[in-house]
Each structure stands twice: as structure tokens, then as C-alpha cells.
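Descriptive structure summary
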Amino acid sequence: MTYKSIIFLLAMTFFSESLVMGQASGKIESLLEEAKAIQYDQKEASLDLMHQALELGKASNDPLLLAQIHNQAGRVHYISGSYDKALEHFAQAKDFGDQANSVKEVAYATNGRALIQMVDKEYEEAIQLLEECLAINTILGDSLGRAKIHFNLGIAYDELSDFDMAMGQLEKAMVFLETNKASVLNLMVRNRMARVHHEMGDLVKAEDLYTEVLQEELLITNWERSFALTGLASLRYDKGELASARDLGEQALAIAEAHGAHWDLQQVTGLLSRIYREMGVFDKAYFHLKSHKAYSDSLYDAAKNRQMARLQLNLAQADNQRLRAEKERDNNLIQQHYKLMLFLGILVVLLASLLYFFARHLRLKNHFNRSLEKKNDAIRQQKDLISQQNQSLKELNQVRTRLLSIISHDLRSPIDAIKQLLDMRGQGFFNKQEEDEVFSLLSDQVQNTENLLDDLLAWANTQMDGMDASPVGVDMSQVVDKVLDHLNFQIRTKFLDIQHQVAPGFSSRAWIDKNHFKIIVQNLIGNAIKFTPEYGTIHVFYDEDEQFIYCHIKDSGVGIDEVHQGLINGGNEGRVPSMVGTANEKGTGLGLLLVKQFLTLNGGKIDVQSIAGLGTQFTLQLKKA
């Protein structure tokens, strides 16, 4: 056989296959057109035609043709009330439409999904999908497609009881149908406009539109006839014309049963039940009520199943998209693999030539690195030693600074008192008898100050290597008595009433560093004296619970505002701004900072409660001894 004969046979084979595919495509298109023509009146025949088209389409690899088949199949199942199957076909149509890059078929499938969402009463979600379809049809310049979308939007807004929006969308649909007078969509739009007029209270306009639809004998389908008759029956019922409403409702029921539209059957059986109940024919009212409930339950169950199907469908679509992306990625990886193999071959040759030089360089580098590492280790050890010494010096300086602050802070009050006495004597405020008494007080104050300084220096000596707590069992009442003795002059100067109460049999022992507790109490009682006016009261008392013992220091002073209370009760370690006392006593703000730090070291807490103008109460929470 010559090469010319072979070429001829191949050409004939290709031509035969093309001819067969073309015939199959033409057959499918013919089936789709025929199914579309009878979809409203002959449901079973239309479904049979779609089944044939689907069987022929399985052999096709044309995603555009498959998208058209599944879109029409979804439409037929939707009209027949098989919403689950309709949803399945619309989903497949969208998938094939995406593969074919057909915006028109994707928009048709999305519109179908929106219709099913409206059946499930998900109107707001449906409106979002319909707006997407409207944008696509506007770009495509498809006037009939835009009319369909406006009609469906009108239905959605009507079901949401937004009648003005619904009527606006339906009127837009009629505008786009001016060039498609023969489309059954004209009757569908007028039927829905009639229903909206009825809901808005315009019964005359509604009846005129329903009547117009029923008079279109050449164009009307059973679906639209059933809808119009149900609408007229509802109008007559609202007018009180029960007999006429009954007759129209029975006609609508017969037509709805013939074409198997579940939604229409649910609507008309509910209406007939109400009509017969008003007429007193309770057996028929009950019969239609049962039918209405059965259709309602069927629609409800189907809606739930569709919701589950949509969830599964979304997952399946996500998986399909992932698989397509993985396939595309794998193809890209294969191409990259071939390129990489070529590159690697060249690279191996280059690496082999460089390997000897690299190995020799590596040996020299390792020798140098080992030598350098030894020197770095010696430098690191010296650096760590210097860092440790610097840290120790820094901590020692901080401790010494804090000790000086504590000593200077605790000596400030007694020295101020001595200075105040000496100033008053120099200005001649005292007579001979008062001067003797003042000198006695001054002697006591100097002795107390000396004792305080001895205690502070002895304690400071123990803290030179670090600020640490050495908790022991401390009798708080004894320490408070000692502090009150040290502060006796300031107390007497302001004529303050000091009440230090320990309940009989109460053990006021706490587990705390004794010097820390003394500094804490001295600062808090000193503040109470500072901010309590003359003839005021300072009350020190105790209580306990199962875990802790509490020391309360309460005064009748000027109180503390909320800002300063927040600073004291808060967890920060900053200074609390100092305020001038009732006798113009000045401070540094260091005292409360020391109190909080010492309590933290000893596992204690402080709480302040105050009302401006009425006084303040500090509460110390300490561990029991």
C-alpha cells in the first residue's frame, strides 16, 4: 500500500468520525429544542427527550454542549417540581460551562440555582446570584436573558413583601420583552404583576391582568393557566364570592395535578381548604387541608434535602477545582522536570570539575576554623566573666541606692519634726513651761531617731549583697506600737486620736521580714498622719481568714482620688506621685513604692479603699506565721 493510500484512508476515517459527531450534535440540539417547546404542558414527554439527549451527550467531550444539555435538563426538572434533580443538573452545567469558558451557560446555571433557592425561601441569597447573572447578561447584550433575570428578581422581592421593588423589576422585564412578544415569559411576568397588585390591594388591576393571561389561548401553558386560575380564585375569595372562587380553584387544581407542579398544588389546595371551610363544607375543607399539608411537608423535606445536597455539591466542586489545579500543577511539574534534568546534567559536569578544588579548600578552612574556634572560646569565657562582674556591680549599686533611699526616707519625718520644733523655739512660740515640755519631746524624738537609725543601719548591713527577704514570725501589734512611739511627736503635733486595737486572744503574728514590715507600717501610718487634719482619727486593727492575716490602717483624712488609687492597687512598680499633706508636709513618692516592693518580696498584697473627703483605709494581706 502506497503512502497516498494511507493518507486517503486516514482522511476518510477522520471525515467519518467528524460526520458522526456532527450528526450526534445536531440530534442533541433537536432534542433540546423539542423538550423546551413542550416543557410546560407535557412534563413526562419532555423528561424523556432530555433523557435521550443526556445519553447521547455522554459520548461527547464537548463541555459547551454538555453545559447546554444539563442546563435544559435542570430547567425541565425545575418546571416539573423535581428540585433536587434540577439542582444537580444546574451544578453540572456550571462545571461544564466553566470548562468551556462559556459565560452565558454559567449565567444560565447560576439563574437556575437562584430559582431553587427561592423555592427554599432563601430569597436574599437568590437575589445575590440573580444580580450576578444580570451583570453577565448586560455584558452579553441578551435582552431575553435580562428579562428573565428581572422577572426572577421580581418574584424574590415579592416573596420578601417588598412590593414596590417587585413591581419595578417586573416592569423592567416587560420593557426587555417588547422585542419578544411570542415568549411565554410575557404571560409569566403578567401573572406575577397581577399577584403583586393583589397584594398591594389593587384587586381590579390584578383581575384584569389574570384575565388577559387566560385569554392568550395560543401562547398560554398549563403552568401559567394554573397560576392565573389560582390567582383569580384568591381574588374572588377576598371579595366574598365563594362559589366562583371554588370553581376557579377546582379548575386550577385539575390543571396543576395534570402537570405535577408541587408548588402550585400546595398553593391551590390551601386556598380550596379555606374556601370550603367558609362555605361550611368541612369534609372537603379537611380533605384539601390534608393535601395542602402533604404538599407543604414534601416541599419542606425536599428543601432540607437540597440544603444538604448543596453542601455536598459545594464540597464536590471544591474537590473538582482542587483536582484540576493539581493536574495542571502536575503537568507544569513534568515540563519543569525535563528542563531541570537538562540543567542538572550540565551542573553535574561543572560540579565534578569544582569538587577537587572545593575539597582542598575545605581542608584548609577546617584547620583554620578549629584554630579560630579555640581563640573565640577563650574570648567568650573572658566576656562572660566580665558580663557577670558588671551585672553583680550593677545589682550591688541598685541595692545600695535603694538602701540609701529607704534610710533617707525613714529619717525624713523625725528630722522634719525636730527641725519644726527648733524653728518654733527660735521664733519665740513657747513660754518657759512649754519650752521645757518641748525640750523633753525633742529629747525623746532624738532618741527615737537614733534608735531608728541604728535599726536601719543594722538592717542595711545585712542587705549589702542583695535585697532579700528573711521572713520570720512577727507580732504585728508590737511592731505597730514601736512605730507609733517613733511617730509620737507628729501625732501629738496634730492632736490626732490613735486607736490601736487587738481583740482579746487574737494572735497578730505574720510570716514576714521584720524590718520590711516595720518600714511598711511606718510609711503607711506616716501617710495617715500626713493626710489627716488636726483632731482626726487613725484606727489600726486586725482580722484573719483560713490562709491570711490582715492589718488595716484607717484614717479620717482627705482621702485619695481614683487615679492615685488605681496606681496603688495596680501591678506596676512605678512611683506614686507625692501630694502635700494637710500641714503642708512634703514627700518624694518613694514610700508607697517601697511598701509594694517589700510586700511582693514577702508574698503579701496591699489594697486601698478611699472616699475623697471621708478618709482612706489601707489593708495589708500577709501569710500567717
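Residues numbered from 1 in each chain as written. Predicted model: local features only at pLDDT ≥ 70, side-chain atom pairs only at ≥ 80, totals over all residues. Heavy atoms only, no water.

Time to look at the sheet that holds strand β7 (residues 615–623). The five strands are arranged β2-β4-β5-β7-β6 in an open sheet whose pairing can be described as mixed. Of all the strands in the sheet, just β2 (497–500) and β6 (605–611) have a single pairing partner and so form its edges. Neighbour to neighbour, the strand axes of the sheet diverge by 15° on average, direction disregarded. Relative to β7, strand β5 (residues 548–555) runs antiparallel, the two being bridged by eight bridges. When the bridges of β7 are listed, Ile553 appears paired with Phe618. Lying over the sheet, helix α18 (residues 514–530) contacts β4 (537–544), β5, β6 and β7, oriented at roughly 170° with respect to β7. In the packing of helix α19 (residues 562–569) onto the sheet, the strands contacted are β6 and β7, and the crossing angle to β6 comes to about 170°. (Pairing = 2+ DSSP bridges. Helix = DSSP H or I, 4+ residues; strand = E, 2+ residues; numbered from the N terminus. Axes fitted to C-alpha atoms, helices over the stretch in contact; angles between N-to-C directions. Contact = heavy atoms within 4.5 Å.)

Turning to the packing of helix α7 (residues 143–159) against helix α9 (residues 185–199), a few remarks are in order. Across the interface, α7 lies against α9 with an axial gap of 11 Å and an inter-helix angle of 25°. One element, α7, and the other, α9, form an angle in the roughly parallel class. As α7 runs across α9, the sense of the crossing is left-handed. Here α7 contributes Leu144, Ala147, Lys148, Phe151, Ile155, Asp158 and Glu159 to the contact with α9, which in turn contributes Leu185, Met188, Val189, Arg192, Arg195, Val196 and Glu199. (Parallel < 35°, antiparallel > 145°, perpendicular 65-115°, else oblique. Left-handed = near helix turned anticlockwise from the far one by under 90°.)

A separate point is a nonpolar patch on the surface. Taken together, the side chains of Leu340, Met341, Phe343 and Leu344 define a hydrophobic patch exposed on the protein surface, amounting to about 380 Å² of accessible area. Among the structural elements, Met341 can be located in helix α14 (residues 282–426). Met341 gets classed as partly exposed once you look at its relative accessible area, which sits at 48%. (Patch = residues over 30% accessible without salt bridge, like charges linked within 9 Å, V, L, I, M, F, W, Y side chains within 5 Å. Areas by Shrake-Rupley, 256 points an atom, 1.4 Å probe, with all protein chains shown as cover. Salt bridge = Lys/Arg side-chain N within 4 Å of Asp/Glu carboxyl O. Buried < 20%, exposed > 50% of the residue type's maximum accessible area, 1.4 Å probe, protein only.)

On to the nonpolar core, then. For soluble globular proteins, nonpolar side chains are generally found buried alongside one another. By size, the foremost hydrophobic cluster in this structure holds 66 residues, and its most contacted members are Tyr78, Met118, Phe151, Leu153, Leu185, Val189 and Tyr210. Top contributing element to this core by residue count: helix α11 (residues 222–239), with eight residues. Once residues lying within four places of it in the same chain are set aside, the contact partners of Leu185 are Leu144, Ala147, Lys148, Phe151 and Leu177. If you look at the next biggest cluster of nonpolar residues, it comprises 41 residues, including Val474, Ile568, Leu590 and Leu593. (Core = buried A, V, L, I, M, F, W, Y, C linked by side-chain atoms within 4.5 Å.)

Purely geometric numbers; function is a separate question.
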